[in-house]
Amino acid sequence: MARRAVEQELSRERILEAARHLFITKGYRAISMRSIGQHLGYSHGSLYYHFKEKAELFYAIVVEDFNRLAELLDETMNRPPEEGVSKVEQLMLEFIRFGLDHPYQYEIMFMIRDEELLAYCRAEQGKCFDLFSGMVRRYLKEEGYVPEDWQSVPLTMFLSAHGFISYYIQDKIKFDDVKSAALSHVRVLCRSL
């Protein structure tokens, strides 16, 4: 009975959040299931109820974060843009907002340097880029841009948004603190189209 009570208290979400923070702040290799359990105030054995190993836990974090970003981008493209902002500008702003307001998630998703961990991220990064590209291409087609731009423009926009996030994320600056700079950045980029 005691084990069941512990399992109910120690949710998958709490484990994911604690592990995400520890992987970013201390590094994947420095963290063990035992250290995650200690951080949460539980034995590492209670983590194994949810995850078989540390790699499975890491991959669950990656998938969860990319799914959340995909949902946000989809919601953005399916609602009317704010006044004075195009759909593609709004899409880029939402991507930047996600990165700056969720720095631990973004760093794991796009900025991790560990070769072993990149294997877990690359497929999800590719899916995310394909989604982003498809949304930008749809906008370009609707706005009458030439087909030659449909292939190169999405990558340019994605890398530009990533560069903006990368510049500000190191100081843990939130989106609202640089919203006007983000809007200017996005507008200059879109104007060049």
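Residues numbered from 1 in each chain as written. Predicted model: local features only at pLDDT ≥ 70, side-chain atom pairs only at ≥ 80, totals over all residues. Heavy atoms only, no water.

**A closer look at the domain arrangement of the chain**
Think of interface size as the accessible area that goes away when the parts come together; that is how it is often given. For clarity, the cut-off: Annotation comment: domain bounds sourced from an automatic or database domain assignment. Any two residues whose heavy atoms approach within 4.5 Å are treated as being in contact. Joining two parts hides part of their accessible area as seen by a 1.4 Å probe, and the buried area is that hidden amount summed over both. Any Lys or Arg side-chain nitrogen found within 4 Å of a carboxyl oxygen on Asp or Glu counts as a salt bridge. For the purposes of these results, a polar contact is taken to be a pair of N or O atoms within 3.5 Å, where, inside protein, one atom must be able to donate a hydrogen and its partner to accept one; residues adjacent in sequence count only when each atom of the pair is a side-chain atom.
Taken domain by domain, the chain holds domain 1 (1–52) and domain 2 (56–191). Distance from the C-alpha centre of domain 1 to the C-alpha centre of domain 2: 29 Å. Every contact between the two is made by 17 residues of domain 1 and, on the other side, 14 residues of domain 2. Here domain 1 and domain 2 share an interface that buries about 1400 Å² over both sides, 67% of which is from carbon and sulfur atoms. It is Arg20, Ile24 and Tyr28 that lose the most area in domain 1 upon contact with domain 2, and together they represent 44% of the buried surface on that side. A salt bridge links Asp65 to Arg20, with the nearest nitrogen and oxygen atoms 2.7 Å apart. Summed over the shared surface of domain 1 and domain 2, the result is four residue pairs in polar contact (both at pLDDT 80 or more).

**Looking at helix α7 (residues 103–111)**
Our working definition: Note on exposure labels: buried denotes an accessible area under 20% of the residue type's maximum, exposed denotes more than 50%, and partly exposed covers the range between, all computed with a 1.4 Å probe on protein chains only. Strands here mean DSSP runs of E at least two residues long; helices mean DSSP runs of H or I at least four residues long; both are numbered from the N terminus.
Burial analysis of α7 places seven of its nine residues in the buried class, which makes it a mostly covered element. Taken as a whole, α7 has its buried residues at Pro103, Gln105, Tyr106, Glu107, Ile108, Met109 and Phe110.

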